[in-house]
Every structure is written in structure tokens, then in C-alpha cells.
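The chain contents come next:
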Amino acid sequence: MAQILIIDDDPAIQLLLKRALVKKGYKVSVASDGEDGLAKARSLCPAMIICDWVMPRMNGIDVCRQVKATPELSTTFFILLTSMGSVDSRVQGLDAGADDFVCKPVEMFELEARVRSGLRQHQLSRDLQTQKQKLEAELAEAADYVRSILPEPLLAPPIAIDVRFIPSSQLGGDSFDYFWLDDCHLAMYLLDVSGHGLRAALPSLSVINLLRSKQLIQVNYHQPSDVLRGLNDAFQMTPRNDKYFTIWYGVYDCKQHQLVYASAGHPPAISISSSNSSDIEVEALKTSGFPVGMFPEAEYVDEVFPVNPHSLLYIFSDGIYEFHQSDGTIWGLDNFIEFLKNNDPMLNDPLDRLLERIKQVNLHDFFDDDLSIMQITFD
């Protein structure tokens, strides 16, 4: 049985409307002014409110604004009773959030029709809200699953790896992983799928599972360019699938202290090392190659980089530096590298300090793109 709240300072109108609606099987409550009506609305959460425009203490427009600003009353259908028939008054009512109008003197057949119509719309709104809540709950579960399969920080010498991941929505297209190929070779990668949300997260998860299970056919996982070739063969774009991704993939040889790497349209990894406290060396590690999935004939190449003791390597997605500052300009890769160069890794939580800096210079309190970063510390 639908709950309807009548708010009107005229006892005769209260009685007339209540009798007519109770006869139609509705559960009806009444209030004699706007403040009392608003209190009852918050207590009852009715399906519909029929409210007079002109009342003492609080008029119908103010009641409507407050009802529409109350989350638990977001689906309540609001009808304004008014003797003002001008366009300007109706515009004022619509701007306040009114869903419908009934002119005085009230024609009961018209009122009953508008009540039936309004309750149908209320039910549709409730159904949509329920479906939205279910969808959000399912997305939250999916986001928890994604976080559960991403690797934990690696703390075992001779390598330490720390990571941060902030999706722009509940699900993101960034992902990363690292795993031992044998006793002395550690594979590491970070990828960024085009777009955001669920459609970007699914191929990202597919890549993680494919690489972890080593199911790419005829691929040498010790050779980064061969891994990118295998991924490019497996994830080609089609008319029904417009997703591609960038990726940086490397293999570190603990005995030789060297890193073999290849990239596919991805930002460079940044190596930071120092021979003394005042001489900091910064190297950008990137190779040529189109993003995975764009072209079947794409070629990828390997590079070898000698790793200095006690050096750092940062692998990241472009969302960590491609955002607008308060002056409207993009923060950019150069500013990001400069911060990495001056960010003392000996202090606690260097990645948290980095994210705090990014939040300070970001124009918005949210990120337009997913961002992720991996910090590798070599002993």
C-alpha cells in the first residue's frame, strides 16, 4: 500500500484529499504546515507528497527543495498544489524539484490520475535505484577481486618492490605483476588498458592470468620483446573489441645485475642512482613499439640496462602525471621525474609522499585516469 503525505494548512483541503485517497486504497498522513510536513516526510519516507504552495512557517517551494536534498527521499514523487497558473511560477516549482502540479480548486478525477501516474514513476525510480545499488555492489565485489589478485609488496632481498594503485572509478584498466621465472630472473611489468571501468579491467585481468600461467604459445618469458609479440598476437583489436593497451615489461638478472626490457607505447621506466650524495643519475628506459593490439605486424625490441647497486626503478602509468594543475596546465612527465629525483627513498613511505604531492597539484579532488606506480629497490 502506497504511503502518501498531504501537507496543507487548510483543514478542509486536508480532509477532502485524505478521504478521496483513502477510498482508493492509499495510506494517507497529513501535516498542517511545512516544518511539520518535512519532519513527517523524513520519518515516513512516503512514496508521494502532495504539498500546498502557500503556507505559513515554510512554503511548499522550500519544503520541496529540502525533500529533494534528502537522500532517503530521492525517489519521493512531489506534487505542488497551487492557485498560481503562470509559466513563471511553474518554472520556479520545477527548479525547486517539483515533479508535477495540481491547480486549485482541485479536480478530484485529475488529482487521482496524477497520483496514479506519479506512483508509477516513483516505483520506476525505486526499481532503478535498487538495480543501481545491486550494480554498485557487484562492481565493489569485482574491485575487491581485482585488488586481491594484484601482488603484495616484495620485501625479499636482493630486491624490494612497493606499489600503489588508484583507479579513476571502482574498476580500472591499470594492472601490474612481478614473479620469479627461476632462481635469479625476476619478471616485472605494468600495463595500461585504454579507457576506464569494467571494459578496461577485463582485458587487464586476462593479461595477468595469461602471463602468470605462462599460457602464451611459443613465447620466451625471459625475452621481453617476445612476450610483447605474444601479447600482441593474443589481444588484437577487432570490430567488436576496440581495446588496446600499453605495457612495460622487464626481466632482472640478479647474478649479472642487468635488466632486459621492452615497451609497447608505454611511458619510460625511470632509473635513479647516485655515485655520491650530490651526483644523481636519471635514465629513461623505453624502446620503440606500438601499443599491444593496434597492429598485427607490430615489432618490439629489447634493450639491456646495467643496474647500479642501491638504485631505484620506477614503472608507472601516464595517469600519474597527465592531469591538470590549478593553472590549467598539465603537470607532465618532466615535473614527475624531477619529483622522483628529489624524493628521498630513505624516508618513510616515499610512494605515499609522491601521491600526496600529486593530490596537492591536481586541479580536482579526483583523477580522470587510473594511476599506478611500482618502485623497485635494488640492493
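The structure we're discussing is the one just above.
If you're wondering where the values come from, they're calculated on a predicted model, not measured in any experiment.

Reading the values: the criteria
Residues numbered from 1 in each chain as written. Predicted model: local features only at pLDDT ≥ 70, side-chain atom pairs only at ≥ 80, totals over all residues. Heavy atoms only, no water. Helix = DSSP H or I, 4+ residues; strand = E, 2+ residues; numbered from the N terminus. Buried < 20%, exposed > 50% of the residue type's maximum accessible area, 1.4 Å probe, protein only. Contact = heavy atoms within 4.5 Å. Areas by Shrake-Rupley, 256 points an atom, 1.4 Å probe, with all protein chains shown as cover. Lys, Arg positive; Asp, Glu negative; His and termini not counted. Charge placed at Lys NZ, Arg CZ, Asp CG, Glu CD. Disulfide = S-S within 2.5 Å. Pairing = 2+ DSSP bridges. Axes fitted to C-alpha atoms, helices over the stretch in contact; angles between N-to-C directions. Salt bridge = Lys/Arg side-chain N within 4 Å of Asp/Glu carboxyl O.

**Student:** Even after reading the chapter, I still don't get the overall build of the chain, so can you show me in this structure?
**Tutor:** Looking only at helices and strands, the chain has 9 helices and 15 strands in total. Projected onto the principal axes, the alpha-carbon positions of the chain cover approximately 95 × 45 × 35 Å. Taking all 379 residues of the chain together, 48% fall into the buried category. Pairs at least 24 apart in sequence give 66% of the contacts found in the chain among residues at least 6 apart. Of the roughly 18900 Å² of accessible surface on the chain, 52% is carried by carbon and sulfur atoms. In the chain, 32 positive and 53 negative side-chain charges are present, and the distance between their average locations comes to 14 Å.

**Student:** What should I look at first to understand helix α7 (residues 224–234) in this one?
**Tutor:** Since there are 3.6 residues in each turn of an α-helix, residues three or four apart along the chain are aligned in direction. The buried fraction of α7 is high, at 8 of 11 residues. Among the residues making up α7, those that are buried are Pro224, Ser225, Asp226, Val227, Leu228, Gly230, Leu231 and Asn232.

**Student:** Which parts of the structure should I look at to understand the state of the cysteines?
**Tutor:** Evaluation of the coordinates by the stated rule reveals 0 disulfides. Among the cysteines around cysteine 64, which has no disulfide bond, cysteine 51 carries the closest sulfur, lying 7.9 Å off. By relative accessible area, which is 0% here, cysteine 64 ends up buried. Distance from the sulfur of cysteine 254, which forms no disulfide, to the nearest cysteine sulfur (cysteine 184) is 6.5 Å.

**Student:** Can you walk me through the sheet that holds strand β3 (residues 48–52) in this structure?
**Tutor:** Within a beta sheet, neighbouring strands are joined by backbone hydrogen bonds and run either parallel or antiparallel to one another. Taken in spatial order, the 5 strands of this open sheet run β2-β1-β3-β4-β5, and their pairing is parallel. Every other strand in the sheet has two partners, leaving β2 (27–31) and β5 (100–103) as the edge strands with one partner each. Here the strands of the sheet are splayed against their neighbours by 20 degrees on average, with no regard to which way each runs. Here helix α1 (residues 11–23) sits on the sheet and contacts β1 (3–7), β2, β3 and β4 (77–82); the angle it forms with β2, its principal contact strand, is near 170 degrees. Packing against the sheet, helix α2 (residues 34–44) makes contact with β1, β2 and β3, and its axis sits at approximately 170 degrees to β1.

**Student:** Would you mind going over the pattern of salt bridges with me for this structure?
**Tutor:** A side chain of one charge can pair with a side chain of the opposite charge if their charged atoms are brought near each other. Counted by the stated rule, this structure contains 18 salt bridges. Glutamate 112 is the partner of lysine 24 in a salt bridge, and the nearest nitrogen-oxygen pair spans 3.9 Å. One end of the pair, lysine 24, is in the loop between α1 and β2; the other, glutamate 112, is in helix α5 (residues 108–149), with 88 residues separating them in the sequence. A salt bridge links arginine 114 to aspartate 100, with the shortest nitrogen-to-oxygen separation between them at 2.9 Å. One end of the pair, arginine 114, is in helix α5; the other, aspartate 100, is in strand β5, and 14 residues separate them in sequence. By relative accessible area, arginine 114 is classed as partly exposed at 28%. Residue aspartate 100 is classed as buried on the basis of its relative accessible area of 15%. Each of Asp8, Asp52 and Lys104 takes part in salt bridges that share partners, so that together they form one network.

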